[in-house]
Amino acid sequence: MDVRGDLAPPEEVGLKSPGANISPVSVPSPNHPQPVQPASAPDYLPTRLLRDLQLTRLVAVVTRAYERVPLFRHRMEVRGLSPASIGKLEDLSALPFTVKNDLRDTYPFGLFASPMEEIVRLHASSGTTGKPIVVAYTEADVAVWSTVMLRTFAACGLHRGDVVQNAYGYGLFTGGLGAHYGAEALGATVIPISGGNTERQLMVLKDFGVTAICSTPSYFLHLLERAKENGTDLGKLRVGVFGAEPWSDAMRARIEAESGIAAYDIYGLSEIIGPGVGTECERQDGLHIFEDHFYPEIVDPSTGAVLPDGTEGELVLTTLSKQAMPMIRYRTRDITALVPEPCACGRTLRRIRRISRRSDDMFVIRGVNVFPSQVETALLAVEGTLPHYQIALTREKGLDEMEVRVEVTPEFFSDQIRALEGLRERLSLAVERTLGLRVKVTLVEPRTLQRSEGKARRVDDRRQM
Ligand code: DLL
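Per chain, the residues get numbers from 1 upward, laid out in the order the sequence is written. In keeping with the model being predicted, local features are shown solely for residues with a pLDDT of at least 70 and side-chain atom pairs are shown and tallied solely at 80 or more, while totals for entire chains, interfaces and linings include all residues.

Caption draft 1: Focus on the site of the ligand. We call a residue near a molecule or strand when the C-beta position, derived from backbone atoms, sits within 6 Å of it. Around the ligand sit 20 residues, and of these G175, G243, A244, L269 and S270 come closest. Contributing elements (two or more residues each) for the shell around the ligand: α5 (174-186), β7 (262-269), β8 (274-279) and β12 (330-336). A helix here means a DSSP run of H or I that spans at least four residues, while a strand means a run of E at least two residues long, and both kinds are numbered starting from the N terminus. The element that contributes the greatest number of residues to the shell around the ligand is β7, accounting for five residues. Classification convention: Asp, Glu, Lys, Arg as charged; Ala, Val, Leu, Ile, Met, Phe, Trp, Tyr, Cys, Pro as nonpolar; all other residues, Gly among them, as polar. For the shell around the ligand, the class distribution of residues is eight nonpolar, eight polar and four charged.

Caption draft 2: Structural context of the nonpolar core. A set of buried residues drawn from Ala, Val, Leu, Ile, Met, Phe, Trp, Tyr and Cys, joined through C-beta atoms within 7 Å, is what defines a nonpolar core. Buried means a residue has 20 or more other C-beta atoms within 10 Å of its own C-beta, exposed means 12 or fewer, and partly exposed covers the counts in between; C-beta atoms are placed from the backbone. F153, L158, V241, V277, L317 and V404 are the most contacted members of the largest nonpolar core, which totals 108 residues. At 10 residues, the largest contribution of residues to this core is made by helix α4 (residues 139-155). Mapped onto the domain boundaries, this core takes at least three residues apiece from domain 1 (1-358) and domain 2 (363-461). Ignoring sequence-local partners within four residues, the contact set of L317 consists of I272, V277, F294, Y295, P296, M327, Y330 and T332. Bear in mind that the domain bounds are from an automatic or database domain assignment. The contact rule is simple: place each C-beta atom from the backbone, and if two of them lie within 7 Å, those residues are in contact.

Caption draft 3: Molecular detail of the sheet that holds β7. By this definition, two strands are paired if DSSP reports at least two bridges between them. Taken in spatial order, the nine strands of this open sheet run β4-β3-β5-β6-β7-β8-β9-β14-β13, and their pairing is mixed. For this open sheet the edge positions go to β4 (189-191) and β13 (338-339), each flanked by a neighbour on one side alone. Pairing analysis gives two bridges linking β8 to strand β9 (residues 287-289), with the strands arranged antiparallel. Bridge assignment links T279 to a residue of β9, and that residue is H288.

Caption draft 4: Quick look at the domain arrangement of the protein. As assigned here, the protein comprises domain 1 (1-358) and domain 2 (363-461). Computed over C-alpha atoms, the centres of domain 1 and domain 2 are 32 Å apart. With 17 residues of domain 1 at the contact, the number on the domain 2 side is 13 residues. Every element with two or more residues in the side of domain 1 that touches domain 2 is listed here: α7 (217-230) and α8 (249-259). With four residues, the top contributor of residues to the side of domain 1 that touches domain 2 is α7. Here the side of domain 1 that touches domain 2 is built from residues that sort into six nonpolar, eight polar and three charged.

Caption draft 5: Focus on the environment of D300. By the secondary structure assignment, D300 is in the loop between β10 (294-299) and β11 (313-319). A sequence separation of 13 residues divides D300 from G313, and the C-alpha atoms of the two residues are 5.2 Å apart. Not counting the four nearest positions on each side in its chain, D300 is found in contact with A305, L307 and G313.

Caption draft 6: Region of interest: the environment of S218. Along the chain, the position of S218 falls in helix α7. Once residues lying within four places of it in the same chain are set aside, the contact partners of S218 are E245, S452 and A456.

Caption draft 7: Structural context of α8. For α8, the set of buried residues is M251, R252, R254, I255 and S259. When α8 is viewed along its axis, its buried side chains cluster within an angular range of 160 degrees and face the same direction. Summarising the contacts, the buried residues of α8 are in contact with α7, β6 (239-243), β7, α9 (372-380) and β18 (385-396). Taking the helix axis as origin, the arc is that swept by the directions to the C-beta atoms.

Caption draft 8: Seen up close, the pairing of β11. Burial analysis of β11 places seven of its seven residues in the buried class, which makes it a mostly covered element. Pairing analysis gives six bridges linking β10 to β11, with the strands arranged antiparallel. Paired with I298 across the bridge in β11 is L315. Relative to β12, β11 runs antiparallel, the two being bridged by four bridges. When the sheet's bridge partners are listed, V316 is paired in β12 with R331.

Caption draft 9: Fine view of the sheet that holds strand β19 (residues 399-408). Spatially, the four strands line up as an open sheet ordered β20-β19-β18-β21, and their pairing is mixed. Across the chains shown, the open sheet's two edge strands, defined by having one partner strand only, are β20 (440-444) and β21 (459-461). Direction aside, neighbouring strands of the sheet carry axes that sit 20 degrees apart on average. Across nine bridges, β18 lies against β19 in antiparallel orientation. Comment: axis = line fitted to C-alpha atoms, over the contacting stretch for helices; angle = value between 0 and 180 degrees taken between N-to-C directions.

In structure tokens form, the structure reads like this:
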């Protein structure tokens, strides 16, 4: 069937020029007596059309990867598969996974499906060890990226006339430029301030009438804290578009209460495109995946079996329109679940639950599996704490020790020793109740733990050193 119906703008369909002539806003003009198609129209595609579109694109992207990327071709051939094996969306589950090490092993350009003449941009993600992973975009990929970020901002309630302070880092990190192009495509005013230089951030925020800010949630907390100290108010700021790291519901509650803004969660990863894979909408109840470009599956992290909607597991993503670097069944290591119910906002795009953890940020202390997000939720439930904490892991005489350092409010810190001791005990108990493990809790003065300008580093694991 023809998926280029009224609801799917032609530029949204097919691999040739996705998103090339995007009409971001629905403004009537003399040449368009009817309002032009808003770029977020694909968010509301009837499910049947969306599935047809996904299948068409899936076949195209698998063919592209098979024909142009030796690693994909080889992996399919050894399983006796070819692009003809894809007859329906479910057939995707027979295809082999792609993992981060595949990018490392083929460093720098081994998974590219376009010649350099067609590639207009490279980004890289540093990771924790060794060489970075390199990702590539054709002109059409950049156009898709702008549209999905435009749709992200629209879902967060932004529009033309908003003034967006983009404090995601510009550079090889995808956050800065990804948000930049999307906000421009929306017709908003972008301030490309990048991360860091907190005093200048606050000056710009107030003086330029900023209405929305993009940054990691941890950096925004730092800005908030500094604003409070300086007595700077946040002017017209009403929306925060936060992502790139896990942040708990408790953390969001603190941010919204202290700043008075609406804080939205956005998700993405370099290997798939950067920011723009998924976003919350005004309901703040799970993140819609831009399924017309990225196909989500949830798998059991240990067996790789596809899990039913509603079951927690590892998010696996397949790009449906990427040209320069198609990704087939990429294991994100991010743990979440697909939400079975449709969203009250009317978008037909499926949602994932907020990502609280990665399968690889778990650490084991005396036989107990611990995720930093569990510690965060426990700490922030106790009154008197600030949302700044760090977890230090050491090994003493062969025994693992975990220390949680958490800042406490200035009021508490000036209190009597007894009050502080009481707080420390309440925190120890809160952590113990969550983890089933007694750990050392240390209260520290406000502003003693290191602040991040980008992604926060919560765990300092010194056991291997
Ligand atoms: O962090 C892209 C991005 C930029 C997303 C700006 C959102 C905003 P990477 O540096 O490749 O790309 O890191 C990707 O960060 O696999 C998750 O583990 C984590 N992550 C990203 N967004 C969220 C989020 C960018 N909203 C990795 N919640 C991903 C939890 C997130 N974790």
